[in-house]
Every structure is written in structure tokens, then in C-alpha cells.
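What follows is each chain in one-letter form.
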Amino acid sequence: MSATEASDSDSSGSPSTYNLAFVISDGSDCTPKWNDEYALANSTVKSRISQLKEDGATVRVSFGGASGKELASTCASASKLAAAYAKALDAADSTQADFDIEGDELTDSDSVALRSEAIALLQKERSDLEVSFTLPVMPSGLDSDSLALLESANKYDVQVSTVNLMTMNYGESYTGDMGDYALTSAKAAHTQLKKVFGLSDAGAWQGMALTSMIGVNDIDNETFTLSDAAQVREFSLEKGIAWVSMWSTFRDRQCSAGSSGNDDAATNCSGVKQSSGAFGVAFAG
């Protein structure tokens with residue numbers, strides 16, 4: 001969800017935690033900013049975070065995302081990178097850090113290693129820091145780059161609490177049921193997480209989260225429906241999965257007439273027929 005703007009559906013389903021997106025580089029150096037635009041101490045951001053906490057939720061700072069420069073690609077050393085992450089966490093008064101790594105950042109082995117080293121340094125300073133990685137997934141599971149990132153985290157002794165799977169945007173060859181694809185992806189990744197982290201069946205489920213792109217996805221013919229959300233929630237409860245979430249609260253409403261076609265993913269509405277906040281309620285149950 002946005003770190004600067006509130007959505008009418010933010011509180012739908014009474015979320016326990018909000019992922020605030022995204023802290024990245026200001027574009028030139030190791031200075032962390034919200035969406036490379038807003039300073040960490042920006043009054044609008046601080047007010048937003050305070051309100052979310054007053055409403056009873058915790059805040060997870062999400063670093064990275066699909067746009068801009070992730071800090072690991074601009075910071076010159078692990079210590080400087082750890083300090084940049086720390087500044088953002090302190091500004092949000094958060095003990096939860098998510099690293100949303102995708103695109104070119106996922107294939108850059110140097111930044112992957114630097115990030116792992118920096119996170120490990122940060123966890124040595126902050127024993128209560130919970131770290132999650134948000135990674136793309138396919139019905140066949142995590143790809144080799146995502147697995148290499150997790151192996152890198154292991155190498156540097158990063159304590160990973162959760163691997164958050166982006167169950168969305170699979171590709172043009174996937175035109176079936178998005179709820180089924182989410183479950184198939186989770187099952188494939190479960191086998192991989194058991195191996196990477198040496199976990200039991202239950203441990204691998206508990207170390208997994210699922211985030212779906214609600215409504216019309218960015219790929220033609222991929223639409224995640226309210227019934228898909230209910231299916232994912234039921235599966236998550238059955239398996240003991242850490243959490244389910246969605247991209248994003250701004251999209252959890254029906255588009256106004258003419259603002260979005262069935263194969264055109266909008267940033268501020270789902271593209272499907274729904275009541276406002278219905279996906280948040282469906283995920284919460």
C-alpha cells in the first residue's frame with residue numbers, strides 16, 4: 001500500500017499488518033526515499049504511519065519493488081547499505097523489513113550478495129528484526145534466480161522469517177483459474193523451501209506468505225476473482241501459511257464506467273465487479 005496516500009479500503013478485513021511500498025534509492029546514491037521522491041521524515045508519511053498504528057496495525061517497510069533503484073544497487077558497501085535500511089526502519093518505527101526483489105535486481109548477483117551481507121549485519125544489531133523476501137513465482141515454483149537469492153541469504157546467515165510469493169502475472173501461456181494457479185505455485189515453492197532451509201512440512205508452510213494481484217492482472221486473460229481470494233484463504237488456513245495479502249488496497253474497488261477494460265489492469269481499481277473493500281474482507285474471512 002502507499003506510504004503517502006490513504007485508500008478508502010485500507011481497513012477492509014481489519015489487516016494486522018500493512019506493507020508500505022516502497023523504499024528505494026533517491027536515484028543517485030545510498031539515500032533512502034519513499035518511491036525515490038519522499039524523504040523518510042516527510043510529514044505526510046509520518047502521519048500516515050501514525051494513523052495506521054493508531055488503528056491497531058503494525059507496519060512493514062518494503063524495500064525494492066518493480067521500479068526505481070533498489071538500495072543494494074547504489075550503496076557502496078554492506079555497512080552503508082545496512083545503515084540505509086536502518087534509517088528507513090527507524091523512521092517508520094518498524095521491526096519488520098520486506099525485500100521485494102524482482103526484475104534486473106533479482107539477476108544481479110553482486111547486489112544480491114551485498115544485500116544479504118547488509119541484512120545479516122542489521123540483524124546482528126537488531127535481534128527483533130523480522131525479515132521477509134517478496135519474490136515472483138510460477139506454477140512450477142520459484143525460478144533459479146529467486147532460489148539463488150535465498151541461498152545467498154543462507155550463506156550470510158540471514159534469518160528469514162517468511163518468503164512471500166507473488167502469485168500473479170504468470171505469463172501468456174497461463175489462462176486458467178488464478179486460484180488454482182496460486183495453490184499450485186504455493187505447493188511447488190513449498191517443496192523448494194523445505195530443501196533450501198531444511199524445514200519440515202509444517203515449517204515450510206509457516207515460512208510462506210501469498211500475495212495476489214486482485215482483479216485484472218497485467219497479463220491478458222489473467223483475472224483473480226473474489227472466489228479465488230476465498231479459495232486462497234481457505235488453503236492458507238488449512239496449511240498454516242504465515243499470511244495472505246493483496247496488491248493493493250487502492251485496487252480493492254470497482255472501476256468506474258469506462259475507466260478500465262477487462263484486460264487492462266488499473267492502478268486504482270480491480271477491473272471486476274465488486275463492492276468496495278470486498279477483497280480485503282474475502283482474504284480476512
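Note that the structure is predicted; figures quoted are calculated from it, not measured.

## Brief notes about the nonpolar core
Soluble globular proteins: nonpolar side chains tend toward being buried together. In terms of nonpolar packing, the biggest core is built from 73 residues, with Phe 63, Tyr 85, Phe 99, Phe 133, Leu 135, Leu 150 and Met 208 touching the most fellow members. It is helix H2 (residues 78-92) that contributes the most residues to this core, 9 residues altogether. Setting aside anything within four residues of it in sequence, one finds Met 208 in contact with Thr 162, Val 163, Leu 165, Ala 186, Ala 189, His 190, Leu 193, Ile 241, Ala 242 and Trp 243.

## Here we look at the packing of helix H4 (residues 109-125) against helix H5 (residues 144-155)
One can describe the packing of H4 onto H5 by two numbers: an axis separation of 9 Å at closest approach and a directional angle of 35°. Here H4 runs over H5; the crossing is right-handed. Note on element contacts: H5 touches H4 through Leu 149, Ser 152 and Ala 153, opposite Val 112, Ala 113, Arg 115 and Ser 116.

## With respect to the packing of H5 against helix H6 (residues 178-197)
Between H5 and H6, the shortest axis-to-axis distance is 10 Å and the interhelical angle comes to 30°. Between H5 and H6, the interaxial angle falls into the category roughly parallel. Read as a crossing pair, H5 and H6 show a hand that is right-handed. Within the contact between the two elements, H5 uses Leu 147, Leu 150, Glu 151 and Asn 154 and H6 uses Gln 192, Leu 193, Val 196 and Phe 197. Looking at the contact of H5 with H6 residue by residue, the classes come out as 5 nonpolar, 2 polar and 1 charged.

## Section: the packing of aromatic side chains
Evaluated as defined, the whole model comprises 11 aromatic pairs. On the basis of an interplanar angle of 15° and a centroid distance of 5.2 Å, the ring pair of Phe 63 and Phe 99 is categorised as stacked. Here Phe 99 lies in strand S5 (residues 96-100) and Phe 63 lies in strand S4 (residues 58-64), a separation of 36 residues in the sequence. Under the relative-accessibility criterion, Phe 63 is labelled buried at 0%. Judged by relative accessible area, which is 1%, Phe 99 ranks as buried. Between Arg 60 and the ring centre of Trp 243, over which it is positioned, the NZ or CZ distance is 4.0 Å.

Cut-off values and rules
- Residues numbered from 1 in each chain as written.
- Predicted model: local features only at pLDDT ≥ 70, side-chain atom pairs only at ≥ 80, totals over all residues.
- Heavy atoms only, no water.
- Core = buried A, V, L, I, M, F, W, Y, C linked by side-chain atoms within 4.5 Å.
- Buried < 20%, exposed > 50% of the residue type's maximum accessible area, 1.4 Å probe, protein only.
- Helix = DSSP H or I, 4+ residues; strand = E, 2+ residues; numbered from the N terminus.
- Contact = heavy atoms within 4.5 Å.
- Axes fitted to C-alpha atoms, helices over the stretch in contact; angles between N-to-C directions.
- Left-handed = near helix turned anticlockwise from the far one by under 90°.
- Parallel < 35°, antiparallel > 145°, perpendicular 65-115°, else oblique.
- Nonpolar A, V, L, I, M, F, W, Y, C, P; charged D, E, K, R; others polar.
- Phe/Tyr/Trp six-rings, centres within 6.5 Å; stacked < 30°, edge-to-face > 60°.
- Lys NZ or Arg CZ within 6 Å of the ring centre and 35° of its normal.

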